[in-house]
Amino acid sequence: MLDRRLLFVTGKGGTGKTTIAAGLAWLLAASGRRVLACEVDAKGDLAAAFEAGKVGFEPVKVPGGPSVMSMDTEASLREYLKLHLKIPVVGRIGPLAAAFDFVATAAPGVREILTVGKLCYEVRERTYDAVVVDAAATGHVLGQLTAPEAINGLVKVGLIRSQTGWMLDILNDPATTGVVVVTTPEEMPVVETLELVDKIRETTSIDVAGVVVNRTLPELFGVRDEAAFASIASARPGRLSEPGFDGVLDATRHATSRRRLGAEHVATLRRGLPEGLPVAFQPYLFTRAEGLRATRQVAASLAGELT
Amino acid sequence: MTTSSVRGLTETREIILCCGPGGVGKTTIAASVAMLAAISSPGRVLVLTIDPARRLADALGLKGIANDVTRIDDATLAAAGATPRGELHCAMLDMKQSWDDLIVRHAPDDRTASRILSNPLYQNITGRFVQSHDYIAMERLLELHATGEWDLIVVDTPPTRNALDFLDAPARMADFFSSRLLRWLIVPAKGGLLGFAARPFTQVADRILGTQFLADITDFFLSLQSMYGGFVERARAVSRLLSDERTSFLVVSTPEPAPLREAEFFLRELASRRYEIGALVLNRALPPTLSLAATEVASDELGRDTASFATAAADELGLDVATAERVLGVAAHATREWAVVARREAAARDRVAHEAPVVVTVPSLDDEVGSLAGIFTLAGILGDAA
């Protein structure tokens, strides 16, 4: 997973894909590589994971970490036109924003290809050793990943069409590009992960690099200890009968049942994934789960799992 | 008019839209609200889900039939423990089917309809790219509401990049059809002279996209334009329906920081657009005892004095002392960890408490989506909350 130069990190909403993308980018940067971390939905969560303030299309270098940017398809179009059209675009098309909006609405895939195109461009030009993308959530990521192919099918000639070839070369090379699917040990995220992995493998030539199971809970008890806890919790011997201990028993019961359910969902995940696909586990963070400190914690534990 | 309970909402509103960040159990809550309505008052209730988990779809008896409405019969409800006073129906949203229906309805004639339906762009927009789902979900709601067959429709809003997209979708659709750019593009195809203003745009578009593709686009939108009036009227009707006093929004989140921040943002946006916020549901909350001060004291005591607790337990229950000590040590530690999370959740709940007239906390259940019985349990919790 860590050898690829372009990683798309996706996952169901709420599973922590931004946290994992940030952790991966930090880990790669900490190993001395020049890394670009890019957020595609402009929510600012990725920049927040690096405590980088407000970040736009122009990458901002985080001290000791990656450069961070936020995708802006209009800026991407502007950059693209500047590179490829000889005419001074900005002066000629007054309402570029409106024109762009129209083309993007009219021509499905244009927005997506400007996103993917910019990322592939950075990989091709080798400005960075690795590009980590906090990509769209499971429901939308396929539209993003398959945009070059979709455009290939719809547009027969023109500049965009001529550009899709090299993008596909980058995307379809498993040594270069990989998708990382983030999930949690819960039912819906596991279901969506399995569906997405299947769909990526069926409908694209893009490689799935691995699955990260985020917020994994520690196992509290072995079978015998769990039985011992159950008898203690029901009899409540000695001072445990005091009402103050209600919370202690509730918490422990909650922790064990969540862990047990989680383990069942992880088992379902493992059964459903193609054999040999790497699965990494990230522990649940009981303390503050956000910001640079959390990102470094995630990077450290990913390092333990992936290297 | 504000209503002081979720049950009150189900009795006074015709549409309840469940919305919020992804992964918080929105669909399950929507089903539970509909269940609550069906068990508490007579009437016909419909829950419209967008993309339910398979187990939930199975529990609801949805078999993936395009846009069909299925009734959950009383015997099935009784088996789940529910005694309905009304009827509970459910439906899934089939995007492709709904788009096709919409085109057929608004097209001036069959020829135009089939020209649109067979255009590759149309197929791409409806099949591949998800943005259009926001609009069609609202369109389908309007259609179902207009039949007048339902006392209450509970809608599970589509999963979107941004939970607000579906609110803006009708306006975007109307804007799109009335855009000057659309007319620019269509003028040359009608045989008129290419306007001066359009020239740089088409020049660039042509260089980038190619003539054939531009022609495809033009043909597509030329066909669509014949439906302009119908579309804009529908979009306006959807907007009106959302702000109607018979419609209320129920925002669903978990008490965790990230989803809750998104939910708060959403609540403020709803308020600023003058939509009615009916309730905020905080799903999958930790047991309430965890955030009590007494729990902290107790877990500290247990952690400090594990050995004596263990001796007492071992004596009374015939356990091995070492086992009891290990188990109780783990319990003390786990409690301290989860208490931190619980206190964080409690603080977050206090922060958002004033953002909605009703805030309901729903505990995390072992098996919430697997069965109609689970949905019935949730309906009970939602109904009991003041």
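Residues numbered from 1 in each chain as written. Chains lettered and ligands numbered in written order. Predicted model: local features only at pLDDT ≥ 70, side-chain atom pairs only at ≥ 80, totals over all residues.

The subject of this paragraph is the overall build of chain B. Looking only at helices and strands, one finds 18 helices and eight strands in chain B. Counting contacts in chain B only where the partners sit at least 6 residues apart, residues at least 24 apart contribute 77% of the total. (Helix = DSSP H or I, 4+ residues; strand = E, 2+ residues; numbered from the N terminus. Contact = placed C-beta atoms within 7 Å.)

Let us look at helix 13 (residues 291-306) of chain A. Residues and elements named next belong to chain A. Between the first and last C-alpha of helix 13 there are 22 Å, a value that for 16 residues agrees with the 22 Å anticipated at 1.5 Å per step. Burial in helix 13 covers these residues: Thr295, Gln297, Val298, Ala299 and Leu302. Looking at the buried residues of helix 13, the elements they touch are helix 1 (17-30), helix 2 (45-49) and strand 8 (279-283). (Expected span 1.5 Å × (residues − 1). Buried ≥ 20, exposed ≤ 12 C-beta atoms within 10 Å, placed from the backbone.)

Once that is clear, we can look at the packing of helix 10 (residues 187-203) of chain A against helix 12 (residues 246-272) of chain A. Residue and element names in this part refer to chain A. Running from N to C, helix 10 and helix 12 point in directions that differ by 5°, and their axes come no closer than 10 Å. Between helix 10 and helix 12, the angle falls in the class roughly parallel. Side by side, helix 10 and helix 12 meet where Glu187, Val190, Thr193 and Leu194 of the first sit next to His265, Thr268, Leu269 and Gly272 of the second. (Axes fitted to C-alpha atoms, helices over the stretch in contact; angles between N-to-C directions. Parallel < 35°, antiparallel > 145°, perpendicular 65-115°, else oblique.)

Before going further, it helps to examine the sheet that holds strand 3 (residues 60-61) of chain A. Residues and elements named next belong to chain A. Read across the open sheet, the eight strands follow the order 3-4-2-5-1-6-7-8; overall the sheet is mixed. Each having just a single partner strand, strand 3 and strand 8 make up the two edges of the open sheet. Inspection of the sheet shows strand 7 (residues 208-216) paired to strand 8 by four bridges, in the parallel sense. Residue pairing for strand 8: valine 211 is matched across the bridge by valine 279. Lying over the sheet, helix 6 (residues 110-125) contacts strand 1 (6-11), strand 2 (35-39) and strand 5 (130-134), oriented at roughly 165° with respect to strand 5. (Pairing = 2+ DSSP bridges.)

Among the nonpolar cores identified, the biggest contains 107 residues, and Cys18, Val33, Ala34, Met35, Val154, Leu250 and Val251 of chain B are the most heavily contacted of them. At 12 residues, the largest contribution of residues to this core is made by helix 17 (residues 321-352) of chain B. Discounting residues that sit within four places of it in the chain, methionine 35 of chain B has contacts with Ala82, Leu88, Ile375, Phe376 and Ala379 of chain B. In terms of nonpolar packing, the next biggest core, distinct from the first, is built from 78 residues, Ala21, Ala37, Ala49 and Val133 of chain A among them. (Core = buried A, V, L, I, M, F, W, Y, C linked by C-beta atoms within 7 Å.)

Now for the confidence of the model for chain B. All names here are of chain B. Per-residue confidence for chain B gives a mean pLDDT of 82; residues scoring 70 or more make up 77%. Confidence drops under pLDDT 50 across residues 189-197; counting only partners more than four residues distant or on other chains, this segment forms 10 contacts. Of the two predicted TM-score estimates for the complex, the pTM is 0.83 and the ipTM is 0.83. (pLDDT = per-residue confidence, 0-100.)

All names here are of chain B. Strands sit in the order 3-4-2-5-1-6-7-8 across an open sheet of eight strands; the sheet is mixed. The open sheet has two edge strands, strand 3 (69-72) and strand 8 (359-363), and neither has a second partner. In this sheet, neighbouring strand axes are inclined to one another by 20° on average, regardless of whether the strands run parallel or antiparallel. Where strand 3 and strand 4 (residues 87-92) come together, four bridges link them in antiparallel fashion. Along strand 4, the bridge assignment pairs arginine 71 with histidine 89.

The subject of this paragraph is the pairing of strand 1 (residues 15-19) of chain B. Residues and elements named next belong to chain B. The buried fraction of strand 1 is high, at five of five residues. Where burial is concerned, the two faces of strand 1 agree: the one with Ile15, Leu17 and Cys19 and the one with Ile16 and Cys18 are both buried. Both strand 1 and strand 6 (residues 247-253) contribute to a ladder of five bridges, which runs parallel. Within strand 6, the residue paired with cysteine 18 across the bridge is leucine 250. As defined by bridge partners, strand 1 adjoins strand 5 (residues 152-156) across four bridges and the pair is classed as parallel. Opposite isoleucine 16, over in strand 5, you have valine 154 as the bridge partner.

Right, let's talk about the packing of helix 5 (residues 95-106) of chain B against helix 6 (residues 110-118) of chain B for a bit. Residues and elements named next belong to chain B. Where helix 5 contacts helix 6, the two axes come as close as 8 Å, and the packing angle between them is 150°. Considering their axes alone, helix 5 and helix 6 lie roughly antiparallel with respect to each other. Two packed elements cross with a definite hand, and for helix 5 against helix 6 that hand is right-handed. Residues Asp100, Ile103 and Val104 of helix 5 touch helix 6, and the partners they reach there are Ala113, Ile116 and Leu117. Classifying every residue of the contact of helix 5 with helix 6 gives five nonpolar, no polar and one charged. (Left-handed = near helix turned anticlockwise from the far one by under 90°. Nonpolar A, V, L, I, M, F, W, Y, C, P; charged D, E, K, R; others polar.)

The next point concerns the pairing of strand 5 of chain B. All names here are of chain B. Within strand 5, five of the five residues are buried, which leaves it mostly tucked inside the rest of the structure. Burial along strand 5 is two-sided: the residues Leu152, Val154 and Asp156 and Ile153 and Val155 are all buried. In the sheet, strand 2 (residues 44-49) pairs with strand 5 via four bridges, with the strands oriented parallel. Bridged to leucine 46 within strand 5 is isoleucine 153.

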